[in-house]
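As a plain string of letters, each chain reads:
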Amino acid sequence: NDGTPKKPSAPAEGGNLLAMLVDIKQAYEKLDDEEKQILQLRYYHNVILQHIAEYLECATSTADRKVNNALRALQNNLGGDSPWQ
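Please read these numbers as outputs of a predicted model, since none were measured by experiment. (Residues numbered from 1 in each chain as written. Predicted model: local features only at pLDDT ≥ 70, side-chain atom pairs only at ≥ 80, totals over all residues. Heavy atoms only, no water.)

Let us now look at the side chain of E35. Within the secondary structure, E35 sits in helix α3 (residues 33–44). Buried charge without a partner: E35 forms no salt bridge, and the closest opposite charge is K36, 8.4 Å away. With near-sequence residues (within four places) excluded, E35 lies in contact with A70 and A73. (Helix = DSSP H or I, 4+ residues; strand = E, 2+ residues; numbered from the N terminus. Buried < 20%, exposed > 50% of the residue type's maximum accessible area, 1.4 Å probe, protein only. Lys, Arg positive; Asp, Glu negative; His and termini not counted. Salt bridge = Lys/Arg side-chain N within 4 Å of Asp/Glu carboxyl O. Contact = heavy atoms within 4.5 Å.)

Let us look at unusual backbone geometry. For N46, which is not glycine, the phi dihedral falls at a positive 60°. Mapping N46 onto the fold places it in the loop between α3 and α4 (49–56). Phi is positive for E57, close to 55°, though the residue is something other than glycine. Within the element layout of this structure, E57 appears in the loop between α4 and α5 (60–77). Judged by relative accessible area, which is 74%, E57 ranks as exposed.

This part covers the nonpolar core. A27, Y28, L31, L39, A70, A73 and L74 together form the largest nonpolar core, which totals seven residues. Sorting elements by how many residues they give to this core places α5 first, with three residues. Dropping the residues within four chain positions of it, L74 is found in contact with I24, A27, Y28, L31 and L39. Of all hydrophobic cores here, the second largest spans six residues; its members include L41, I52, A53 and A63. (Core = buried A, V, L, I, M, F, W, Y, C linked by side-chain atoms within 4.5 Å.)

Attention shifts here to the side chain of K36. Structurally, the position occupied by K36 is in helix α3. Judged by its relative accessible area of 15%, K36 is buried.

All right, on to the environment of A63 then. As for its position among the elements, A63 is in helix α5. When the C-alpha positions of A63 and I38 are compared, they lie 8.6 Å apart, and in sequence the two are 25 residues distant. In contact with A63, other than residues within four places in its own chain, are L49, I52, A53 and C58.

Set out below in structure tokens:
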């Protein structure tokens, strides 16, 4: 060590990844059913917004808003600080 302060590591680089995953799962479980379903479609099944809109029977812009609102709710459940920013 040359005395230079180390950059804080991101959770995946040296923090407790398991604890972070548990926190995300707990935050996810607090979402309502529609928010969970929307996030699953968009990020787990990689469904495009147009198809989500068709499934929800709404406009694509509404589906986009619902995805963003679900992400915001997840972020709020995590304490408001997003590790992805």
